[in-house]
Every structure is written in structure tokens, then in C-alpha cells.
Amino acid sequence: MAVELVADSSGERAEEPDTKEQEEDREEAATEGNEESLPELLDLIDAAEESAGNVDALAEVIRNIGRRIRATPGDRDLLSDFEGIAHICKAL
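Nothing here was measured: the structure is a model prediction, and the numbers come from that model.

Caption draft 1: The pattern of salt bridges, seen in detail. Under the definition given, this model contains 2 salt bridges. In this structure, Arg67 engages Glu60 in a salt bridge whose closest nitrogen and oxygen atoms are separated by 3.8 Å. Among the residues examined, Glu60 registers a relative accessible area of 34% and is labelled partly exposed. Among the charged side chains, a salt-bridge network with shared partners connects Glu60, Arg63 and Arg67.

Caption draft 2: The nonpolar core, seen in detail. In this structure, Leu41, Leu44, Ile45, Ala48, Leu58, Val61, Ile65, Ile69, Leu79, Ile88 and Ala91 together form the largest nonpolar core, which totals 11 residues. Of all elements in the fold, only helix H2 (41-50), helix H3 (55-71) and helix H5 (84-91) reach the threshold of two or more residues within this core. With residues near it in sequence (within four places) discarded, Ile45 still touches Leu78, Leu79, Phe82, Gly84 and His87.

Caption draft 3: How the structure looks around the environment of Leu79. Its place among the elements puts Leu79 in helix H4 (residues 76-81). Take Leu79: its relative accessible area is 12%, and that puts it in the buried class. Between the C-alpha atom of Leu79 and that of Ile45, which follows or precedes it by 34 residues, the distance is 7.5 Å. Excluding anything up to four places from it in sequence, Leu79 contacts Leu41, Ile45, Ile65, Ile69, Gly84 and Ile85.

Caption draft 4: The confidence of the model for the protein, seen in detail. Per-residue pLDDT for the protein has a mean of 77; in total, 63% of the residues score no lower than 70. Ranking the elements of the protein by mean pLDDT puts strand E1 (residues 3-7) last, at 52, and H3 first, at 93.

Caption draft 5: Expanded view of the environment of Ala91. As for its position among the elements, Ala91 is in helix H5. Among the residues examined, Ala91 registers a relative accessible area of 11% and is labelled buried. Separated by 36 residues in sequence, Ala91 and Val55 place their C-alpha atoms 8.9 Å apart. Discounting residues that sit within four places of it in the chain, Ala91 has contacts with Ala48, Ala52 and Leu58.

Rules of the game
Residues numbered from 1 in each chain as written. Predicted model: local features only at pLDDT ≥ 70, side-chain atom pairs only at ≥ 80, totals over all residues. Heavy atoms only, no water. Salt bridge = Lys/Arg side-chain N within 4 Å of Asp/Glu carboxyl O. Buried < 20%, exposed > 50% of the residue type's maximum accessible area, 1.4 Å probe, protein only. Core = buried A, V, L, I, M, F, W, Y, C linked by side-chain atoms within 4.5 Å. Helix = DSSP H or I, 4+ residues; strand = E, 2+ residues; numbered from the N terminus. Contact = heavy atoms within 4.5 Å. pLDDT = per-residue confidence, 0-100.

Here you go:
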């Protein structure tokens, strides 16, 4: 999550978190043109199953699944067709 530095009433700089919309815009910009750099959804489904014991790895896999689905919306059906959702739930 990115933050923006702003001056508060005392003149000191304070961090203000991005809004959800700003965060989504930043992710969308990062995803555009990087479709080839993202793993295929089936590989991400396998990675979700493999990362069951590692919270950081699972979080990264879930973020990449979101990016892949935004980049290729037609892949959404693969989450249910190949038990992707079940693997994620089991890993959680």
C-alpha cells in the first residue's frame, strides 16, 4: 500500500494512506502490458495449493490471481473448473 506525505496542522509531515480507488488504479496500471509476465492461472492455482503453510507466499499468489483475472477475465471459470477456489480455501 502506498502512502502520501501531507502536512498536518502542526506543520509536521504525516502519512496518509491511498484510497481504495488510488490503490486499484495503481494495480491496474502495473498490470497493463504485463500480462505475459504474470504466471498462467493454472500455475497460480497450483502455487496456491503449494503455499498452504506460508502466509507471505499465499498472499502473493492471491494478489497474482487477482492481477491475472483482471488481465484475462475469461480465465475466471478456471478457478472453479480446476478447484482453484477450493485450493485457496484449504490453504487459508
